[in-house]
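Each chain is listed here by its residues.
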Amino acid sequence: QVQLVESGGGLVQPGGSLKLSCVASGSGFSINSMGWYRQAPGKERELLAAITRGATTNYADSVNGRFTISRDNAKNTVYLQMNSLKPEDTAVYYCNAVMVVTTTLTYLEVWGRGTLVTVSS
């Protein structure tokens, strides 16, 4: 069974930084793209950043230039470095992965449970 587990959330002051991590565990799959989403109270979940297996990245306009996504394929881990944090960045941050099941070559989308990031003084 495939599982994604996020870590690194917490409370940070405006202008501060945090680094989120997400580790994929399980067997019988390979990971294609990975991404980070967030959902603030009363708002829809939004895509922040995504990265392919070949390390091609894309970002939402709201975080471009402040957030950096990276991955370590050997560790099945994706990271989100967040700088210059603002109060409006407060949300639950979710990790997402699109995987290929090696036995059936079918695609599987997996979500983590989320980690809370609070930006406040």
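Residues numbered from 1 in each chain as written. Predicted model: local features only at pLDDT ≥ 70, side-chain atom pairs only at ≥ 80, totals over all residues. Heavy atoms only, no water.

A. Molecular detail of the packing of aromatic side chains. Applying the stated criterion to the full structure yields one aromatic pair. Look at tyrosine 37 and tryptophan 111: their rings are 4.7 Å apart centre to centre, the planes differ by 65 degrees, and that puts the pair in the edge-to-face class. Here tyrosine 37 is found in strand β4 (residues 29-39), whereas its partner tryptophan 111 is found in strand β10 (residues 106-111), with 74 residues between them in sequence. Judged by its relative accessible area of 33%, tryptophan 111 is partly exposed. Here the basic side chain of lysine 19 rests over the ring of tyrosine 79, its NZ or CZ set 4.7 Å away from the ring centre. The ring centre of tryptophan 111 lies 4.7 Å from the NZ or CZ of arginine 45, which sits over that ring. (Phe/Tyr/Trp six-rings, centres within 6.5 Å; stacked < 30°, edge-to-face > 60°. Helix = DSSP H or I, 4+ residues; strand = E, 2+ residues; numbered from the N terminus. Buried < 20%, exposed > 50% of the residue type's maximum accessible area, 1.4 Å probe, protein only. Lys NZ or Arg CZ within 6 Å of the ring centre and 35° of its normal.)

B. Representation of the state of the cysteines. All chains considered together, the criterion is met by one disulfide. The disulfide partner of cysteine 22 is cysteine 95, and the S-S distance across this bridge is 2.1 Å. Measuring handedness by torsion sign, the sulfur bridge of cysteine 22 and cysteine 95 sits at about -80 degrees and is left-handed. Note that cysteine 22 is positioned in strand β3 (residues 18-25) and cysteine 95 in strand β9 (residues 91-101), a separation of 73 residues in sequence. Cysteine 95 carries the same exposure label as cysteine 22, and that label is buried. (Disulfide = S-S within 2.5 Å.)

C. Layout of the sheet that holds strand β7 (residues 67-72). If you walk across this open sheet you meet the four strands as β1-β3-β8-β7, and the pairing is antiparallel. Each edge of the open sheet carries a strand with a single partner, namely β1 (3-7) and β7. Ignoring which end each strand starts from, the neighbouring axes of this sheet average 15 degrees apart. In this structure, β3 lies alongside strand β8 (residues 77-82), joined through six bridges in antiparallel fashion. The residue bridging leucine 18 from the neighbouring strand is methionine 82, located in β8. (Pairing = 2+ DSSP bridges. Axes fitted to C-alpha atoms, helices over the stretch in contact; angles between N-to-C directions.)

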